[in-house]
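Next come the chains, spelled out residue by residue.
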Amino acid sequence: MAVFSNAGDWYWWLLLPNIFMSMMCPIVSSALASINSRWDLPVFTLPFNILVCVHMVATGHYNHHFSQVLIQPRSELPNITWADIDVAKLFMSVPVGIGQVYGCDNPWTGGIFIISLFISSPITCAHAVLGSAVGMVSGLALAAPFGDIYFGLWGYNCVLACIAIGGMFYALTWQVHLLAITCAFFCAYLGSAIANIMSRFGLPACTWPFCLSALTFLLITTETNRIFKLPLAKVAYPEKNLGFFWKLKKQEKMEKVEKERKDREEQQKAIKEEVILNEKEQLRLELERMEEGKVMSEASEGKNDETHIKDRVPEVEQQGAEEEETRQNNLTEVTFDDLV
């Protein structure tokens, strides 16, 4: 708010809206967090962008108390002559772009920030330098005024976007590293587009390009497990995030090995059970065959006995007839003797 104020330095009345907007920042941040948490997304600097734009739209350039700088769309071609380019300033725009994240346009201050970032997190430092360099190259590609490039205006959004994707919210792999550089290029082009659109309303681009490009790249879906988005509750700094990713991969590998071992055991158990069932089935079939053989043997024996009995009936009848005849003869002889 102080940067875009047209009231000059040490305008103490600006503290009143500044304090109020600062008080509103946690409220807006909490409201946005409840929305973004549905997709496990961070809030980034969206509250800052919203509240700065609200203040500038509410006051504007023509205001007695809180006059803003006049921001207008470009109405003529910039005076760009490639022979006039200052290579030293062009290279110094890299640390300046990093310093502009904190509102500093001095290359020495940017250098101090680079050293601090390297001490804090080498991964963050590397992606900050890459992001600022990408912003500088993109500014040259889009024929931006050299003054804007030297001032670091093309670098700070790319710095934030490259840091966010390159190890902060994704676990760093070489695929994620390329994704972070791609996001930085996208952020630079998006920054130019947003600056042209918002200048028609007298508003600066702020860090809208960083927020929109980073959120876009955090919403991507992919089939590869080399691009791993960390849960928002587990996000720390890139080195710790990378350690968490390696630990998670190691745990997944152990779980996979354990699962394969259990699958093999279950497969062996199933094979054993199948063998036992086959043996039981064979035993059952054998018992059934034995029972059938026994029944058939008994039936055959019964049939033989019946045939034998049938064969013996005439013999018995004939023997009985002969015995009856002999008895009659004996009776006749006894009766005749008695008579005599």
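All of the points below concern the structure found in this document. (Residues numbered from 1 in each chain as written. Predicted model: local features only at pLDDT ≥ 70, side-chain atom pairs only at ≥ 80, totals over all residues. Heavy atoms only, no water.)

**Comments concerning the overall build of the chain**
Move 1: The helix and strand tally for the chain stands at 10 helices and zero strands.
Move 2: Listing every helix and strand of the chain by position from the N terminus yields α-α-α-α-α-α-α-α-α-α.
Move 3: Looking at the 340 residues of the chain, the share that counts as buried comes to 31%.
Move 4: The contacts in the chain between residues at least 6 apart in sequence include a share of 67% that link residues at least 24 apart.
Move 5: Here the chain has roughly 22,500 Å² of accessible surface; of this, 62% comes from carbon and sulfur atoms. (Helix = DSSP H or I, 4+ residues; strand = E, 2+ residues; numbered from the N terminus. Buried < 20%, exposed > 50% of the residue type's maximum accessible area, 1.4 Å probe, protein only. Contact = heavy atoms within 4.5 Å. Areas by Shrake-Rupley, 256 points an atom, 1.4 Å probe, with all protein chains shown as cover.)

**Some points on the packing of aromatic side chains**
Move 1: In the structure shown here, the tally under the stated rule is nine aromatic pairs.
Move 2: Ring centres of Trp 82 and Phe 146 lie 5.7 Å apart, and the angle between their planes is 65 degrees; on these two criteria the pair is classed as edge-to-face. Of this pair, Trp 82 sits in the loop between helix H2 (46–59) and helix H3 (87–99) while Phe 146 sits in helix H6 (residues 146–150), and the two are 64 residues apart along the sequence.
Move 3: Judged by its relative accessible area of 53%, Trp 82 is exposed.
Move 4: Taken together through their ring pairs, the aromatic side chains of Phe 44, Phe 169 and Phe 210 make up a single cluster. (Phe/Tyr/Trp six-rings, centres within 6.5 Å; stacked < 30°, edge-to-face > 60°.)

**Looking at unusual backbone geometry**
Move 1: For Asp 40, which is not a glycine, the phi torsion comes out positive at approximately 55 degrees.
Move 2: Mapped onto the fold, Asp 40 is located in the loop between helix H1 (15–36) and H2.

**Section: the nonpolar core**
Move 1: In this structure, Phe 44, Ile 149 and Ile 165 are the most contacted members of the largest nonpolar core, which totals 57 residues.
Move 2: Residue assignment for this core shows that the elements contributing at least two residues are H1, H2, H3, helix H5 (122–141), H6, helix H7 (156–168), helix H8 (174–199) and helix H9 (208–218).
Move 3: With near-sequence residues (within four places) excluded, Ile 165 lies in contact with Tyr 170, Val 176, Leu 179, Ala 180, Cys 183, Ala 214, Phe 217 and Leu 218. (Core = buried A, V, L, I, M, F, W, Y, C linked by side-chain atoms within 4.5 Å.)

**What to know about the side chain of Gln 68**
Move 1: Mapping Gln 68 onto the fold places it in the loop between H2 and H3.
Move 2: Only 3.2 Å separates the side chain of Gln 68 from the backbone oxygen of Phe 66, close enough to count as a polar contact.
Move 3: In contact with Gln 68, not counting residues within four places along its chain, are Phe 4, Ser 5, Asn 6, His 55, Met 56, Thr 59, Gly 60 and His 61. (Polar contact = N/O pair within 3.5 Å; in protein donor to acceptor, adjacent residues only side chain to side chain.)

**Looking at the side chain of Ser 199**
Move 1: Within the secondary structure, Ser 199 is located in helix H8.
Move 2: Apart from the residues lying within four places of it in its own chain, the contact partners of Ser 199 are Ile 71, Gln 72 and Pro 73.

**Digging into the pattern of salt bridges**
If charged atoms from side chains of opposite charge come close, those side chains can pair.
Move 1: With the rule as written, the count across this model stands at six salt bridges.
Move 2: A salt bridge links Arg 284 to Glu 281, with the shortest nitrogen-to-oxygen separation between them at 2.3 Å. With a gap of three residues between them, Arg 284 and Glu 281 both fall in helix H10 (residues 238–339), about one helical turn apart.
Move 3: With a relative accessible area of 38%, Arg 284 lands in the partly exposed category.
Move 4: With its nearest N and O atoms 2.5 Å apart, the salt bridge here joins Glu 288 to Arg 284. A residue pair is termed a helical-turn pair when its members lie 3 or 4 positions apart in one helix, as Glu 288 and Arg 284 do in helix H10 at four residues. (Salt bridge = Lys/Arg side-chain N within 4 Å of Asp/Glu carboxyl O.)

**Some remarks on the layout of surface pockets**
Move 1: Its boundaries defined by the atoms lining it, the largest pocket holds a volume of some 1,200 Å³.
Move 2: What lines the largest pocket is a set of 40 residues, among which Leu 153, Tyr 156, Pro 204, Ala 205 and Cys 206 lie closest to the centre.
Move 3: Taken together, the elements giving at least two residues each to the lining of the largest pocket come down to H7 and H8.
Move 4: Here the residues of the lining of the largest pocket are counted per class, giving 27 nonpolar, 10 polar and three charged.
Move 5: One number sums up the size of the second largest pocket: a volume of about 200 Å³.
Move 6: Contributing to the lining of the second largest pocket are Ala 2, Ser 5, Gly 8, Asp 9, Trp 10, Tyr 11, Trp 12, Leu 14, Leu 15 and Asn 18.
Move 7: For the lining of the second largest pocket, the class distribution of residues is six nonpolar, three polar and one charged. (1 Å grid on protein atoms, 1.4 Å probe; cavity = no way out; pocket = protein on both sides within 12 Å on 5 of 7 lines; lining within 4 Å. Points joined across faces, edges and corners; volume = space filled by probe spheres on them. Nonpolar A, V, L, I, M, F, W, Y, C, P; charged D, E, K, R; others polar.)

**Observations concerning the packing of H5 against H8**
Move 1: Taken N-terminus to C-terminus, the directions of H5 and H8 make an angle of 40 degrees; their axes are 9 Å apart at the nearest point. Judged by the inter-axis angle, H5 sits oblique to H8. Crossing of H5 over H8 shows right-handed handedness. Between H5 and H8, the contacting residues are His 127, Leu 130, Gly 131, Val 134, Ser 138 and Ala 141 on the first element and His 177, Ala 180, Ile 181, Ala 184, Phe 185, Ala 188 and Tyr 189 on the second.
Move 2: In the contact of H5 with H8, the residues fall into nine nonpolar, four polar and no charged. (Axes fitted to C-alpha atoms, helices over the stretch in contact; angles between N-to-C directions. Parallel < 35°, antiparallel > 145°, perpendicular 65-115°, else oblique. Left-handed = near helix turned anticlockwise from the far one by under 90°.)

**Overview of empty space enclosed by the protein**
Move 1: The full count for this structure, using the stated rule, is one cavity of 30 Å³ or more.
Move 2: Quantified by volume, the largest cavity comes out at close to 30 Å³.
Move 3: Asp 40, Pro 42, Phe 169, Leu 218, Lys 229, Leu 230, Pro 231, Leu 232 and Val 235 are the residues that line the largest cavity.
Move 4: Grouping the constituent residues of the lining of the largest cavity by class yields seven nonpolar, no polar and two charged.

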